[in-house]
Amino acid sequence: MTVQTSSDPSDHRFTMPRLSFRLIFGLGTLGILAILGLFGSVFLQDPNALAPANRLQFFSSDHWLGTDGLGRDLLARVVAGARISLAVGLLVAAFATVFGVILGLLAGYFRRLDPIIMRVNDGMLAIPELLLAVALASLAQASLTMVVFALTVPQIPRIVRVARAEVLVLRKSPFVEAAYISGSSRFKILTRHVLPNLVAPLSVQVTYVCAYAILGEAGLSFIGAGLPANTPSWGVIVSENRTFFMQAPWTVFVAGFFLTVTVLAVSAVGDELRKSAE
Amino acid sequence: MFPFILKRLASSLVVILIVAMFVFGLTAVSGGDPAVIFAGDDPSPERLEAIRERMGLDRPVPVQFLLWLQTIAGGDFGTSFFTGRPVLTLIGQRVEPTIVLSLYTIVMSILVGIPLGAAAALRPGGALDRFLSGFTSLAFALPGFIAAYILIYIFAVELRWFPVQGYQPLSEGLGRTLWSLTLPAVTLSLIYVGLLARTTRAAMIGVLAQDYIRTARSRGANTYRVVVHHAFRNGLNAVLTVIGLGIASLLSGVTITETVFAIPGLGRLTVDAVLNRDYPVVQGLILIFASVKIAVNLTIDLLYRVVDPRVAQ
Amino acid sequence: MPQAAPSATDPALRVDDLSLVINDARKPISAVNDISFSVDPGETLALVGESGCGKSLTALALMGLLPDAIRVSTGSITLHGSDITTLSERELQKRRGDNISMIFQDPMTTLNPLVTIGNQITETLRIHRKIDRGTARERAKALLERVGVSDAERRLDQFPHELSGGMRQRVMIASAMICDPDVIVADEPTTALDVTVQAQVLALLQELQREAGMALILVTHDFGVVAQTADKVAVMYAGRIVEQGPADAIFAAPKHPYTEALLECSAPPPPIDGRARDRSALPQIDGTVMPLTQQFPGCRFAPRCAFATERCRTEVPRTRGNRHTVACHHPRQDLDTGVGS
């Protein structure tokens, strides 16, 4: 490592976090879940195969994590749910980042747009997150697209805030002023000099958005405003089994366990990123 | 202080106006023709036209917005598509459980979270501090409804200390109400306790390193006096911020918790209204929740000034 | 062991062979070595040295307020008949503020910003005496007037940020004095103040001390302050007392090259009767204090000393002399023949 001066743009840039236990746990868990989600269907049972005769079974060698109220294999459903949760988490994080960064750059760099964007931002932030998501999700038929849309919108203002605050600092920094003086276009300054420096502060924020999105999808699906019934999403699995909760509590807890571990893994990665950013 | 309040009130009004525009736009893009929904089964075209005219739906959209704003400002939030009853009446019927549940949660979280954080700050890296850090991570990752089921399983199904679900109104007596709301309040408190404790801890560690803490100790103050009389007030502003954030996030949390515990509050009303596409109710709820959130933020900003005389300058 | 002259009464505070070490992960680092001094009631001892010499740590040790990482390794601090290095935290709390109190350097940061002036002054009283709020407030008001704060009644309800730096330090002094302690430790009490009020605050402190017959330990780097107030002086360098004695003796005939250099650097130079000084020898003290972590077998001032010999670099000098002691292989004056009082 070399000592960098404050005028050097790279001191804001992304640095790899140290390999710690938490990081290995986080990345490892997410990796396993991703592999299971992608290839699980090859060696697991059909998550939608009904077998009413085998309903509400406890863990056994036939059904490692038991069966649900319609006799479907819970392991197969939970693994299929991993695919949905990770997809929602990644998509929401990606969309929220893209739109949030664009708006944040505009607000931070073009001072005329700033009051407009920030007032709308404040308005959005004033609406409780889940309420906003639920309301947006109700605008069209339940689908993955709607869920991602509904969860993305409430997260954008958070990204806008962080991105704008960073841009406000960066635009005053010597290397941006130098680029400006040397005649670089605004677009070039934004993409070449400002954008790369947003990666480190935003990477932390993005992991939290991802965690919120995974929890949000489960919450929306649980109250019936998310993915359609029978979809093997963790929220739906809990929701459709809660009527059997007294007889077969594991049907609820199995999906809950996967959900909790996944969010723990995502936030562990986020925490490590934050530590390395500091 | 007074000019500050006026200024903040003005900017809060702007924010509410933006929320109102958003809420209005929500109905506009929802696609359904309010007149059709409002008119009920199989209306005649003349009747639809009459309703449209009465609701101002034949006017340009900005005019419609202003008309709508006018009725809202007059305290008329419209009529539920689904039940045909005024939105404010519906909300009024459901507000009690949510208010009691929210207050119960806030009080519980403050009573547990702040002392926990302060104690952890006295020994950073100690056993309590490590427990707190693990607890906070877990509380954040544990979805509200799963936490609820775990609590129900342990305390309602196995130990039978509390009811599995349901709500006892205040008219049955405060004790019964609190008894019915204990598990929901604990569910909602989990994240909040973690958040409050973590913030209190960070604030206290910062404050305890200050010179004036050493001065207090040089006067013979014991740990209790140092923490309660000297450190806590100085860390309070950071804690206030989190209490404000927490109240705001509670408004999201009640939606799910009230569903799990079958509590007839505003959260449950929200879910029902959304599932029924009952937009006047959804609009009313969003406006009210947003107003509460803005009012909480305003109050917290004023409290900063009460706590720290330097902020006012 | 050489000691200050015994007085008729017991000293208010006595420090014997005190050593402080910093607990480091690898190896304990010695911060203060074998220092001894004592102050009588009504007497002022100045603890003088550059920053980092251990004088502030010594002050904190007297209060039992050392940071967690630093501990007393040997020696004793006798206050009110007991060795405070052996007392429990609870026992220490009883003595802090009551028997011994402290005035800190920067009144901007050492007064709690959210507690009223009145409550900060009366706090000591309310901790140590059974006293009602009204009486405590009256005492605080009277004391505030005594330390020269105008409009005392109104000031009691104000917050520190509403007062000037000089006023705040007066408040700090009032809060340290309110229980009539035997000993006051003042750590650079005027350094953070405006030059114009430094002398006033110092004069006030001295006046109050004489009035109440308290012992004052004044920690400072400034020989101007020492000249104005001190009866006795202990000069510290790199964790050791290198020279100690009556103030007039030290001003008249410093024995340690370091003391001599300090005196020469201090402005305005104290009056020195007729003795010609070689100004070219030590116009300023070159170099910096050796870091505590550095091992060194000899006198730690040797690398900066114009008179150092091979012996200075290999052997720690013993403390020699009676009333006026010095730890130097090559004292600038003959032992106990300096122009004393």
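Note that this is a predicted model, so its numbers are computed, not measured. (Residues numbered from 1 in each chain as written. Chains lettered and ligands numbered in written order. Predicted model: local features only at pLDDT ≥ 70, side-chain atom pairs only at ≥ 80, totals over all residues. Heavy atoms only, no water.)

Peer 1: Mind showing me how you'd approach the sheet that holds strand β2 (residues 29-39) of chain C here?
Peer 2: Within a sheet, adjacent strands bond to each other through the backbone by hydrogen bonds, running parallel or antiparallel. Residues and elements named next belong to chain C. As summarised here, the arrangement of the 4 strands in space is β2-β1-β4-β5, forming an open sheet in which the pairing is antiparallel. The open sheet has two edge strands with one neighbour each: β2 and β5 (82-83). Bridging between strand β1 (residues 13-22) and strand β4 (residues 70-79) involves 8 bridges; their strand directions are antiparallel. When the bridges of β4 are listed, V15 appears paired with I77. Contacting β1, β2 and β4, helix α1 (residues 55-63) crosses the sheet at an angle of about 115 degrees to β1. (Pairing = 2+ DSSP bridges. Helix = DSSP H or I, 4+ residues; strand = E, 2+ residues; numbered from the N terminus. Contact = heavy atoms within 4.5 Å. Axes fitted to C-alpha atoms, helices over the stretch in contact; angles between N-to-C directions.)

Peer 1: Got a minute to help me understand the side chain of T124(C) in this structure?
Peer 2: With respect to the helices and strands, T124(C) occurs in helix α4 (residues 117-128). What makes T124(C) buried here is its relative accessible area of 1%. Residue contacts for T124(C): discarding those within four places in its chain leaves R219(B), G97(C), S175(C), I178(C) and C179(C). (Buried < 20%, exposed > 50% of the residue type's maximum accessible area, 1.4 Å probe, protein only.)

Peer 1: Please explain the sheet that holds strand β11 (residues 325-326) of chain C as it appears in this structure.
Peer 2: Residues and elements named next belong to chain C. Sheet architecture is open: 7 strands sit in the order β6-β7-β8-β3-β9-β10-β11, paired in mixed fashion. Each end of this open sheet is capped by a strand with a single partner; those strands are β6 (100-103) and β11. Where β6 meets strand β7 (residues 183-187), 4 bridges bridge the pair, whose relative direction is parallel. By the bridge assignment, M102 is partnered in β7 with V185. Seen against the sheet, helix α11 (residues 257-265) touches β3 (44-48), β9 (232-237) and β10 (240-246) and runs at an angle of roughly 105 degrees to β9.

Peer 1: Please explain a nonpolar patch on the surface as it appears in this structure.
Peer 2: A cluster of nonpolar side chains, I35(A), L38(A), F39(A), V42(A) and F43(A), forms an exposed patch at the surface whose accessible area comes to about 590 Å². Of the residues examined, F43(A) reaches a relative accessible area of 58% and is grouped as exposed. (Patch = residues over 30% accessible without salt bridge, like charges linked within 9 Å, V, L, I, M, F, W, Y side chains within 5 Å. Areas by Shrake-Rupley, 256 points an atom, 1.4 Å probe, with all protein chains shown as cover. Salt bridge = Lys/Arg side-chain N within 4 Å of Asp/Glu carboxyl O.)

Peer 1: Looking at this model, I keep getting lost on the environment of I191(B). Mind explaining?
Peer 2: All names here are of chain B. As for its position among the elements, I191 is in helix α8 (residues 174-208). Each C-alpha atom, one on I191 and one on G144, is 8.8 Å from the other, the two residues being 47 residues apart in sequence. With near-sequence residues (within four places) excluded, I191 lies in contact with A139 and F140.

Peer 1: Quick question: what am I supposed to make of the interface of chain A and chain B here?
Peer 2: In many reports, interface size means the accessible area that the parts give up when they come together. Each partner contributes to the interface: chain A provides 43 residues, whereas chain B provides 42 residues. For the chain A and chain B pair, buried surface summed over both sides reaches about 3,600 Å², with 80% attributable to carbon and sulfur atoms. Looking at the side of chain A facing chain B, the largest losses of area belong to L131(A), L139(A) and I223(A), adding up to 16% of the total buried there. At the surface where chain A touches chain B, the tally comes to 0 salt bridges. In this structure, the connection of chain A to chain B is made through 6 residue pairs in polar contact (both at pLDDT 80 or more). Among the elements that make up the side of chain A that touches chain B, the one with the highest residue count is helix α9 (residues 250-277) of chain A (8 residues). For the side of chain A that touches chain B, the residue count by class is 30 nonpolar, 8 polar and 5 charged. (Buried area = accessible area lost by both parts, 1.4 Å probe. Polar contact = N/O pair within 3.5 Å; in protein donor to acceptor, adjacent residues only side chain to side chain. Nonpolar A, V, L, I, M, F, W, Y, C, P; charged D, E, K, R; others polar.)

Peer 1: Just checking my understanding: could you explain unusual backbone geometry for this structure?
Peer 2: Most of the time, phi is negative for any residue but glycine, and the peptide bond is trans. The phi angle at A262(B) is positive, at roughly 50 degrees, despite the residue not being glycine. Structurally, the position occupied by A262(B) is in the loop between α10 (223-260) and α11 (266-275). Despite not being glycine, A238(C) has its phi angle at roughly 50 degrees, a positive value. Its location among the elements puts A238(C) in the loop between β9 and β10.

Peer 1: I tried to follow the domain arrangement of chain B on my own but got confused; where do I start?
Peer 2: Residue and element names in this part refer to chain B. Taken domain by domain, chain B holds domain 1 (2-73) and domain 2 (94-312). Measuring from the centre of the C-alpha atoms in domain 1 to the corresponding centre in domain 2 gives 34 Å. Domain 1 puts 16 residues into the contact, and the matching count from domain 2 is 12 residues. Surface buried jointly by domain 1 and domain 2 totals about 1,300 Å² across both partners, of which 78% is contributed by carbon and sulfur atoms. On inspection of domain 1 and its partner domain 2, the count reaches 1 salt bridge. For D301, the salt bridge identified is with R8, shortest N-O distance 1.8 Å. For the interface between domain 1 and domain 2, the tally reads 2 residue pairs in polar contact (both at pLDDT 80 or more). Of all elements in the fold, only α1 (2-30) and α4 (61-73) reach the threshold of two or more residues within the side of domain 1 that touches domain 2. (Domains from an automatic or database assignment.)

Peer 1: I'm lost on the packing of α4(C) against helix α5 (residues 133-146) of chain C in this one. Help?
Peer 2: Each pair of packed helices can be described by the angle between their axes along with the distance between the axes. Residues and elements named next belong to chain C. Between α4 and α5, the least distance of the axes is 9 Å, while the angle of their chain directions is 115 degrees. Taken together, α4 and α5 sit at an angle that is classed as roughly perpendicular. α4 and α5 meet at a crossing whose hand is right-handed. In this structure, α4 uses I117, N119, I121, T122, L125 and R126 to contact α5, whose residues at the interface are R133, A136, R137, R139, A140 and L144. Residues of the contact of α4 with α5, tallied by class, amount to 6 nonpolar, 2 polar and 4 charged. (Parallel < 35°, antiparallel > 145°, perpendicular 65-115°, else oblique. Left-handed = near helix turned anticlockwise from the far one by under 90°.)

Peer 1: Looking at this structure, I do not really get the nonpolar core. What am I missing?
Peer 2: Generally speaking, a soluble globular protein has its nonpolar side chains buried in company with each other. Counting 155 residues, the largest nonpolar core has F145(B), V260(B) and I286(B) as the members making the most contacts within it. At 16 residues, helix α7 (residues 186-223) of chain A tops the list of elements feeding residues into this core. Lining this core are residues from two domains, each supplying at least three of them: domain 1 (2-73) and domain 2 (94-312) of chain B. In this structure I286(B) touches I127(A), L131(A), A135(A), V19(B), V23(B) and L26(B), once residues within four positions along its chain are discounted. (Core = buried A, V, L, I, M, F, W, Y, C linked by side-chain atoms within 4.5 Å.)

Peer 1: What is the right way to look at helix α5 (residues 144-170) of chain A in this model?
Peer 2: Since the α-helix turns once every 3.6 residues, residues separated by three or four places project in the same direction. Over its 27 residues, α5(A) extends 37 Å from the first C-alpha to the last, a length consistent with the 39 Å expected when each residue adds 1.5 Å. Along α5(A), the sharpest change in direction is near 35 degrees and occurs at Q155(A); proline P157(A) comes one to four residues later. (Expected span 1.5 Å × (residues − 1). Bend = angle between axes of the 7 residues up to and from the residue.)

Peer 1: Honestly, the arrangement of the chains in this entry has me stumped. Any pointers?
Peer 2: Ranked by contact count, the leading pair among the 2 pairs of chains in contact consists of chains A and B. At their nearest point, the C-alpha atoms of chain A and chain C are still 22 Å apart, with no contact between the two.

Peer 1: Even after reading the chapter, I still don't get the pattern of salt bridges, so can you show me in this structure?
Peer 2: It is possible for side chains bearing opposite charge to pair when their charged atoms get close. One pass over the full model with this rule turns up 36 salt bridges over all chains. Among the salt bridges present, the one from D308(B) reaches R310(B), with a minimum N-O distance of 3.0 Å. As a salt-bridge pair, K141(C) and E153(C) come within 3.5 Å of each other at their nearest N and O atoms. Here K141(C) is found in helix α5, whereas its partner E153(C) is found in helix α6 (residues 152-155), with 12 residues between them in sequence. Taking relative accessible area as the criterion, K141(C) reaches 22% and is therefore assigned partly exposed. In the salt-bridge network here, residues are joined through shared partners; they are R22(A), D271(A), E272(A), R274(A) and K275(A).

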